[in-house]
Amino acid sequence: MYSRIALFLTVSLSLFLGGCSDFLEGKKEEKEVLEISDEKFSCLNNLPEDIRLFSEGRGQTNRIESSVQCLQNALTYFQRRTVGAENDFYTIPELRLFFGKYFLKENNVSPELAQELMKLKSALLGGSPNFLTKAEISRLVYLLGVFKEEVIKINPHVGVLTFHEQHKGISSEKIAAAQGVLEAALIRFLKETEMSKSNYSFQDSKKLFSTLADFISGNKPFNLYLRASHYVPIIESVKQILFGVKADLRSQEDWNISVRTVMKLHQVALRFYYSPNGFNFKSSEDMQDLFKIGDLVIDLLLSSPLMVNKGEIAFSDIDSLIKALKSDGVVNLPLTTDTILESYRVLLAKFLDPDRPEDISHLYVLKRTHLLTLQRELDVMRARQEFFEQSLRNSKNFLEFGENFKKINLERWLRLRDGISVSQKILLRKTWEDTLMLLSSSPRVMFTHTNRFIVGQSLDKTEVSWRGVTQINLMMTLARFLMIGYSNGNSLNLHHSYITELGLTSWYSDFNSLGRELKAFDERSGNAGPRSFKEANFFTFRGSGDQQMSYAESFEFISLLFSGGLGSTAGIQKTLSLEQCEVNERDIFDYRMFNEKCFNESFVRNFASYFNNLPLMVRYFTALSTEDKNSFLSELVLAARISPADGNKIEIADIRTMVMLLHYIESVFAVYDRDGDQVLNRQEVTQAGQRFIGFLREVVPGVSEGNLYDGFYYMVFEGEMPSTWDVISSKVQRWFKVHKTADRRNILKVILALKSKLNSPIESGK
Amino acid sequence: MGQVVSELRLFSDSFVSTNFAATEKSDYQFFGAHLKTDPSEKAHMQMDISGAVAFGAPLLNFINISEFYYLQDLTSEQKLIIGRHKYDWSRLDRDWNFGLWEPLFKWNPLAAQRQGLSGIFWNVHRPQFQLTLFASPLYIPDQGPSYEISEGKFVRGNPWFRSPPEEIRIFGENTRINYNILTPNEADIVLQSSYGGRLLLGSSDSFLATLSYMYKPANQLALGYDGQLSLNSSSGEVEVQPAVFYHSLLGGDISYRWQHFEMGVSSSLEKPQNEKLFEEGWTVPTFTEATLTSVFASFEWRNTVFAVQWLDVQGGQVQEVGEFASSERRALTTRYPFRSAGQVSIKNQLRFSKGRGLTTQVSALNSPGEGFSLVRGQAQAELSRLWSFYGELQFVKQEKDIETVTSELAQFANNDRFMLGVSYVF
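Residues numbered from 1 in each chain as written. Chains lettered and ligands numbered in written order. Predicted model: local features only at pLDDT ≥ 70, side-chain atom pairs only at ≥ 80, totals over all residues. Heavy atoms only, no water.

**A few points about the overall build of chain A**
Secondary structure assignment for chain A yields 34 helices and 15 strands. Taken over C-alpha atoms, the radius of gyration comes to 39 Å for chain A, far larger than the 27 Å a tight globule of 766 residues would show. Across its three principal directions, the C-alpha atoms of chain A cover 180 × 60 × 50 Å. Across the 766 residues in chain A, those meeting the buried criterion constitute 49%. Sequence separation of at least 24 residues holds for 67% of the intrachain contacts in chain A that already meet a minimum separation of 6. Summed over its atoms, the accessible surface of chain A is roughly 37100 Å², and 56% of this surface lies on carbon and sulfur atoms. Chain A carries 92 positive and 94 negative side-chain charges, and their two centres are separated by 2 Å. (Helix = DSSP H or I, 4+ residues; strand = E, 2+ residues; numbered from the N terminus. Rg over C-alpha atoms; globule rule 2.2 N^0.38 Å. Buried < 20%, exposed > 50% of the residue type's maximum accessible area, 1.4 Å probe, protein only. Contact = heavy atoms within 4.5 Å. Areas by Shrake-Rupley, 256 points an atom, 1.4 Å probe, with all protein chains shown as cover. Lys, Arg positive; Asp, Glu negative; His and termini not counted. Charge placed at Lys NZ, Arg CZ, Asp CG, Glu CD.)

Written out as structure tokens, the structure is:
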């Protein structure tokens, strides 16, 4: 019985167990893992794209809202779902451990960057820079809410605020509106953060930027940083100029002032960038923009914390900015840094410093008075521009323009303006008188719409244009600066002030480097002061030939120089280049020289267009025979040539002088050809001689007054230096009233004859 | 008190799966005892208590008080019972050991055992019906496997304890979890009221119908949890909190017996109360209503009973809600051991002489829906009135292509157990 049972059990068990092998085999267990879904953080992936769109001015309100909300959620989640060794805060090592393990596995935040970020945290949220509390995270979440509100307000203006090309020409009102929103946002943010109570410094932000760049770039170059790092020295220099080396911002108000200062700087940059015509000065609005930018720059400096607190800005800080701008290429002038540094010092000392120190080596700071002087001169220029534009309104020609200017009721104008001080009123009255004086010459100083000085008699009915009168204003301003800096007077009595030859020589000397690097001064001519002094005295409308260079002479001479020496010469250079007259050799200015034959042909061919501001000269030249044209030109070249006369090449310096000579000749005719017959008769020459007689007395010392005039007649009518016999011959002809006339070619010959003498200084006392 | 049968037991558990890895050891030896009174004896005190000590594995020690009550006949038809007492509230719950009405002793979840509800039972027994009313201010939940947490980790000392995930994945990075069980005040757990009743019509020899209702705490505890990442230790700090949740049960059985054949259907409707049990922000389980239905049939032939039954659960999902919830992972809270299954079983009792006999029972449970099978067997050979040999086995098979194990039992696919023991009555 038992054996049957045992057998049954054994068989049953064996069968059972045999069938259970599948059961016993089982399946290897896999560990279960809790998982935090990162779906809620997936929105963070959109953040870079949203930032990019925002920075391009294409941000969308709903995306900004969702992005900031996402950040807030992520921070809140972090705050709720993480804990440090202490319940209420996280230490720097803990935060690094977290980010290193979960986000930045390959390139964790360095201890230095972590420390810098915590410094920023401390500045924004308060608390210790050594740890981050949970309450601070709540505060950060709140601040993000504030940030979101402000960013949404800024969003429509981002394009304007970030220098986008598409907004070129935008109105100043829109710029102001955009800036208003930005400034309000910054002020609010400052108010909401602990920044004003912190001692966060520029150096801190610089270090943060640097360590952040190291972190982002790792071993690879980080283009954005490489680009941005260029601007760090500039930003630092600007900061030092406006705030000082160590900005001492102790209160909310200090910070608000700083924000406003930065906003002013930003406004200057925006106005400059969005200037409708890129400062080509095509309209009244362009000038207003220029004045406004000038106002802003001056106000920026005057109201900068450093100027307010210390009353001065060190040249060393300005030097740093200039060096930084130059090395970065932001300032793309053909000048060396040393020349810029030297020139701005001279400008300050001579033009803006009431003391006008001779020795500028003891001048170390930009003072408040310098800026006030600059503001004063800007106001003068602005007022004059307003007068000009007012006069222009009902003027068809320069004659009407001049008459309308006289009719301006200055006193009424002054009454209508608020906030003009008594001293400003006095200055403006003087300026108005000066302007009236400068405009009252005969012939008038006139400019074409292409900024060419119109020289000729009886051309008062030449069409007047906005650009023409604006150019007059600009020339008057330059002349005013020259007078303020180098005359014996001051800004209130320029009418009666003058520059001596020594003064003009000093001007050339002060700006020698600048002139040479701008390719305006030719080192082969040495100091051109004495020559310019003579030219201003001989060849301007109101040149007197005396030992003084008046305000009027200065204004007219500068006008001639700018029109002829710069404007016309540049036009000729361009045409010659287009007509392929250039040769490979380069001149002293590194300009290409021109084939002389090619130049001659081009010059004759294009004479009318080159000198459309000298209409009577063009009429004269055009009427000449081909042979006479060539003779005139060869004499002109001979009189002007500074380069060796090898017969093959002409250089820019030669052309520049030729142009000026033609302007001078035309100026003489404009003044002295009273009967308008296009030749000078003996009476006209006699009048002209009064201007030159002092010079001749020096050239031919020991000769009586009468003989000098007879010699002068000979020189003008015959075109060569007289011998004693020639003087006697001339005297006889005068007695017998032999009719003699001199045309433009005669005057050219006189200049040719006196060429070497013009470059000699006038001996004082003679 | 009636006569208590005291039994000393010496047995050995062996985990025979090739992939068994729940603990380092796969063989455990136990020494235990079993105290049980005979309910047929008209004694006031009744009990069914067992316990054992595992050598070298303290987490496997257990004590199972499945019944312990005082019985008082009020009249010939009325009884009053105070204490822990097993009742057939639902045929389904009894046959499938589902722990829906009565708590379970789940020291070994593959062979869970019923435990009685604790409270006051008033029973009226009339020829036409039986009525039982129950009320209690006390609550004793399922008795699960023991566990221990050391330094935030669940100690691997009990093969039947399934520890929750040991790691948390944050931004694709696995991080160790330190657990902290927030044990509620015992009084908060135990002092829970419940009430219910059962009406039974007919006779178990022919047609029988029962209708039961109960409002009480669920026998399983709801587990809520929340976690934080410790930046200091770079570990997930997870707090787990058990909480009692209530449900109401409505059950009905209908069965019919004809000679040696019986068939019937049993159904229960469970309606959980989704009250707020945990702090805001925690990951918590939510429960849905469930309808459980079981059909059964059995045939008794000589000393052998053949039985077949089928169970299906509609609804009754446990879904976690919160930041850590995942549809790809089983919820920490377990409600039903499985959701649908069929089972066949054979039980045979042989009596050779007085005090000697052999009792065997084999069952095979298969759940096509959840992809697992469970074979259970047990045998007891009474060698004399004092000595017996006995053995058990539970083998589980999990379909290999099942990605997410949803059944509580299927988790133990590598815990195939074979037990042999000897007992001595004294």
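Following the structure, the description resumes.
**Some details on the overall build of chain B**
Each helix and strand in chain B was counted, giving two helices and 28 strands. Its C-alpha atoms give chain B a radius of gyration of 22 Å, near enough to 22 Å, the size a compact globule of 426 residues would have. For the C-alpha atoms alone, the extent of chain B along its principal axes is close to 70 × 45 × 40 Å. A separation of at least 24 residues holds for 62% of the contacts in chain B among residues at least 6 apart in sequence. Side-chain charges of chain B comprise 36 positive and 46 negative groups, with the mean position of each set lying 8 Å from the other.

**What to know about unusual backbone geometry**
Here the bond from Ser442 of chain A into Pro443 of chain A is cis, since omega is 0°, no more than 30 degrees from zero. Locating Pro443 of chain A in the fold gives a position in the loop between helix H20 (422–439) and strand E7 (446–447). A positive phi is found at Ser234 of chain B, a non-glycine position, where the angle reads about 55°. Note that Ser234 of chain B resides in the loop between strand E16 (222–230) and strand E17 (235–243). Overall, Ser234 of chain B belongs to the buried group, its relative accessible area being 17%. For Arg302 of chain B, which is not a glycine, the phi torsion comes out positive at approximately 50°. Examined against the element boundaries, Arg302 of chain B turns out to sit in the loop between strand E21 (290–301) and strand E22 (304–315). What makes Arg302 of chain B exposed here is its relative accessible area of 69%.

**Digging into the environment of Val68 of chain A**
Residue and element names in this part refer to chain A. Within the element layout of this structure, Val68 appears in helix H4 (residues 61–81). When the C-alpha atoms of Val68 and Gly145 are compared, they prove to be 7.5 Å apart, with 77 residues separating the residues in sequence. Filtering out sequence-adjacent residues up to four positions away, Val68 remains in contact with Leu144 and Lys148.

**Let's talk about the packing of helix H18 (residues 398–406) of chain A against H20 of chain A**
All names here are of chain A. Contact pair H18 / H20: the axes reach a minimum separation of 11 Å and the direction vectors enclose 155°. Taken together, the axes of H18 and H20 lie roughly antiparallel to each other. In the crossing of H18 with H20, the sense of the turn from one axis to the other is left-handed. Between H18 and H20, the residues in contact are Phe401, Phe405 and Lys406 and Trp432, Thr435, Leu436 and Leu439, respectively. Looking at side-chain class alone, the contact of H18 with H20 contains five nonpolar, one polar and one charged residues. (Axes fitted to C-alpha atoms, helices over the stretch in contact; angles between N-to-C directions. Parallel < 35°, antiparallel > 145°, perpendicular 65-115°, else oblique. Left-handed = near helix turned anticlockwise from the far one by under 90°. Nonpolar A, V, L, I, M, F, W, Y, C, P; charged D, E, K, R; others polar.)

**What about the packing of aromatic side chains?**
All names here are of chain A. Under the criterion given, the structure shown has 70 aromatic pairs over all chains. Three or more aromatic residues link up through ring pairs in this structure, and these residues are Phe599, Phe603, Phe607, Tyr610, Phe611, Tyr620, Phe621 and Phe632. A cation over an aromatic ring shows up here: Lys519 above the ring of Tyr591, its NZ or CZ 4.6 Å from the ring centre. The positively charged end of Arg682 is found above the aromatic ring belonging to Tyr713, 5.2 Å away from the centroid. (Phe/Tyr/Trp six-rings, centres within 6.5 Å; stacked < 30°, edge-to-face > 60°. Lys NZ or Arg CZ within 6 Å of the ring centre and 35° of its normal.)

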